[in-house]
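# Working through the structure, step by step
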Amino acid sequence: ANGITQISCVNIEQTVDVQLVGFAKDGYPIYAYANEPADVDECGGRHAQTTEYPSGSYHYVASTTIATNVPKCLKGVAAINAFRFQ
């Protein structure tokens, strides 16, 4: 129905530690965890030190073994029309 005629699989190596994988729409980083920490909040995030943020920062946790791998909700506010041209 959607014109899909081929499927391909790619072997993606899973992280064995903690790795920055992107940023959520609200600007907070998303980290992939080999083992999900026990202290995540209702949005699937936590405040902790990381390689990129040695002083600590709030970030979302994406488990590499448990779906879903996206934040359940957003803690911050997404910027709307944040750019101004003069």
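So, here is what we can say about the structure in this document. (Residues numbered from 1 in each chain as written. Predicted model: local features only at pLDDT ≥ 70, side-chain atom pairs only at ≥ 80, totals over all residues. Heavy atoms only, no water.)

## Digging into the packing of aromatic side chains
- Here the structure, examined in full by the defined rule, presents three aromatic pairs.
- Between Tyr 28 and Tyr 58, the aromatic rings sit 5.0 Å apart at their centres with planes inclined by 70 degrees, giving edge-to-face as the arrangement. Of this pair, Tyr 28 sits in the loop between β1 (18-23) and β2 (29-33) while Tyr 58 sits in strand β4 (residues 57-63); the two residues are 30 residues apart in sequence, bridging distant segments of the chain.
- You can call Tyr 28 partly exposed: its relative accessible area is 29%.
- Exposure remark for Tyr 58: the relative accessible area of 14% places this residue in the buried category.
- Taking 6.1 Å as the distance between ring centres and 80 degrees as the angle between the ring planes, the aromatic pair formed by Tyr 28 and Tyr 60 counts as edge-to-face. Of this pair, Tyr 28 sits in the loop between β1 and β2 while Tyr 60 sits in strand β4, placing them 32 residues apart in sequence. (Phe/Tyr/Trp six-rings, centres within 6.5 Å; stacked < 30°, edge-to-face > 60°. Helix = DSSP H or I, 4+ residues; strand = E, 2+ residues; numbered from the N terminus. Buried < 20%, exposed > 50% of the residue type's maximum accessible area, 1.4 Å probe, protein only.)

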